[in-house]
Amino acid sequence: MAFARIDGVLLHYGVCGPEGAPVLVLANSLGTDARIWDDVTARLQDRYRIIAYDKRGHGLSDAPDGDYSLDDHVGDLAGLLDRLGIDRFVLAGVSVGGLIAQGLALRHPRGLAGIILCDTAAKIGEAAMWNERIALVRAGGMPALGEAVVMRWFSEGYRQERPEDVAGWRNMFLRTPASGYAGTCATLRDTDLRAEVGSISVPTVMVVGADDVSTPVDLVRDTAARIPGARFSIIANAGHIPSIEQPGILAEHISTFLRGTNDG
Ligand SMILES: O=C(O)CC1=CCC(=O)O1
């Protein structure tokens, strides 16, 4: 575990895997931290140098007050990778992490060999929903959002078969700083890349859990259709976070993609 202050915001990150191996960077979703990638990392770390970080407002990173723009998140990641001297990498991001990946591909593509977009889209949700979540969390903290948000992350089968794991991920959600959660809801409210993603010029693959209710299959497919040459796959028996529910299958998608970009 390590920390870097980027433009005043302390970011928490971890690095593992052989020095000199192809670099894979991992970005997490709203209300989660880098631990959602642990089971994928365990499967890939013998072959890849893996950097997983907590985006601002989450995990052990700083959670400044106020709205975060997509440019804030993209600037944090670009600054972190600059600091670490990474000059070629593939980036995988889930949900808002995938929006950050799209933003990086559009605004800082230097060194970016490809993006793996998991359960994400060029625009996620409507302003009214994000404003409602912001109001609830600013008034009552994370518990005010109740069970519903965490339940939306997982497929019915996972919820029934793995109640202890669901309880653990709920703890991660509840311990997310309210300021960071609200700030990132504002990112989601204010970001619409639908008119821009046609300019993404790095190789792209999109995957989505078949049972995702937050970014449903058709929404993700629509974004894939807008990105030149993007490939699209559905992961069975997974909801919004396939890195938790189907880490083996997601790891296979990632390593196949890395091999195709000559980065693995
Ligand atoms: O909280 C949700 O509904 C799921 C989600 C939407 C954007 C994100 O990053 O996670």
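About the cut-offs
- Numbering of residues starts from 1 in every chain and runs along the sequence as written.
- In keeping with the predicted nature of the model, local features appear solely for residues at pLDDT of at least 70, side-chain atom pairs appear and are counted solely at 80 or more, and the whole-chain, interface and lining totals rest on all residues.
- Side-chain metrics rest on all non-hydrogen atoms present in the structure, leaving aside hydrogens and water.
- UniProt positions are given in the numbering used here, feature names are shortened, and annotations may be inferred rather than shown by experiment.
- Numbering of helices and strands runs from the N terminus, with a helix taken as a DSSP run of H or I at least four residues long and a strand as a DSSP run of E at least two residues long.
- Two strands make a pair as long as DSSP finds a minimum of two bridges between them.
- For helices, the fitted axis covers only the stretch in contact; all axes are lines through C-alpha atoms, and the angles between them, taken along N-to-C directions, range from 0 to 180 degrees.
- Two residues qualify as a contact provided that any one of their heavy atoms is within 4.5 Å of a heavy atom in the partner residue.
- Note on patches: the residues involved have over 30% relative accessible area and no salt bridge, like charges join within 9 Å, and the nonpolar side chains Val, Leu, Ile, Met, Phe, Trp and Tyr join within 5 Å.
- Under the convention used here, a 1.4 Å probe and the Shrake-Rupley method define accessible areas, while residue burial counts only the protein chains that appear.
- The working definition used for a salt bridge is a side-chain nitrogen of Lys or Arg within 4 Å of a carboxyl oxygen of Asp or Glu.
- Accessible area is worked out with a 1.4 Å probe on protein chains only. A residue is then buried under 20% of its type maximum, exposed over 50%, and partly exposed in between.
- For this analysis, a ring pair means two rings from Phe, Tyr or Trp (six-membered ring only for Trp) whose centres lie within 6.5 Å, classed as stacked if their planes differ by under 30 degrees, edge-to-face if by over 60, and tilted for the remaining angles.
- Criterion for a charge above a ring: Lys NZ or Arg CZ within 6 Å of the ring centre, and within 35 degrees of the ring normal.
- Crossovers are marked right-handed if the path from the first strand over the helix to the second runs clockwise, as seen with the strands pointing away from the viewer.

Within an unreviewed UniProt entry, the label attached to the protein chain reads 3-oxoadipate enol-lactonase, and the organism entered is Chelatococcus asaccharovorans.

Our focus in this paragraph is the UniProt feature "domain: AB hydrolase-1" (unreviewed entry) in the protein chain. Mapped onto the present numbering, the UniProt feature "domain: AB hydrolase-1" (unreviewed entry) falls at residues 24–252. For residues 24–252, helix accounts for 45% and strand for 15%, while the C-alpha atoms at its two ends are 14 Å apart.

Read across the sheet, 8 strands follow the order β1-β2-β4-β3-β5-β6-β7-β8 without closing on themselves; strand pairing throughout is mixed. Bordering the open sheet on either side are β1 (2–6) and β8 (231–235), each of which pairs with just one other strand. Each strand axis lies, on average, 25 degrees off the axis of its neighbour in the sheet, ignoring direction. Inspection of the sheet shows strand β3 (residues 23–27) paired to strand β4 (residues 49–54) by 4 bridges, in the parallel sense. By the bridge assignment for β4, Leu24 is matched with Ile50. Running at roughly 175 degrees to strand β7 (residues 204–209), helix α9 (residues 217–226) makes contact with β7 and β8 of the sheet.

Attention shifts here to a nonpolar patch on the surface. Where nonpolar side chains cluster on the molecular surface, the patch consists of Met1, Phe3 and Leu60 and spans about 360 Å² of accessible area. Its place among the elements puts Leu60 in the loop between β4 and α2 (70–83). On the basis of relative accessible area, Leu60 is assigned to the partly exposed category, the value being 47%.

The next subject is the packing of aromatic side chains. Scanning all chains against the criterion turns up 4 aromatic pairs. Measuring from centroid to centroid gives 6.0 Å for Trp153 and Phe154, while their planes differ by 75 degrees, and the two rings are edge-to-face. The same class applies to Trp153 as to Phe154, namely buried. Relative to Phe173, the ring of Trp153 lies with its centre 5.7 Å away and its plane at 85 degrees, an arrangement referred to as edge-to-face. Note that Trp153 is positioned in helix α5 (residues 148–153) and Phe173 in helix α7 (residues 163–174), a separation of 20 residues in sequence. Like Trp153, the residue Phe173 is buried in the burial classification. Following the ring pairs from residue to residue traces out a cluster consisting of Trp153, Phe154, Tyr158, Phe173 and Tyr181. The ring of Tyr68 carries the charged tip of Arg56 above its face, separated from the ring centre by 5.3 Å.

This paragraph deals with the pairing of strand β6 (residues 112–118). Regular strands show a simple pattern: their side chains alternate between the two faces of the sheet. Of all 7 residues making up β6, 7 are buried, and the element is well covered by its neighbours. Sheet topology places strand β5 (residues 89–94) next to β6; 6 bridges connect them, and they run parallel. When the bridges of β6 are listed, Phe89 appears paired with Leu112. For the segment spanning β5, helix α3 (residues 96–107) and β6, crossover handedness is right-handed. Pairing between β6 and β7: 4 bridges, direction parallel.

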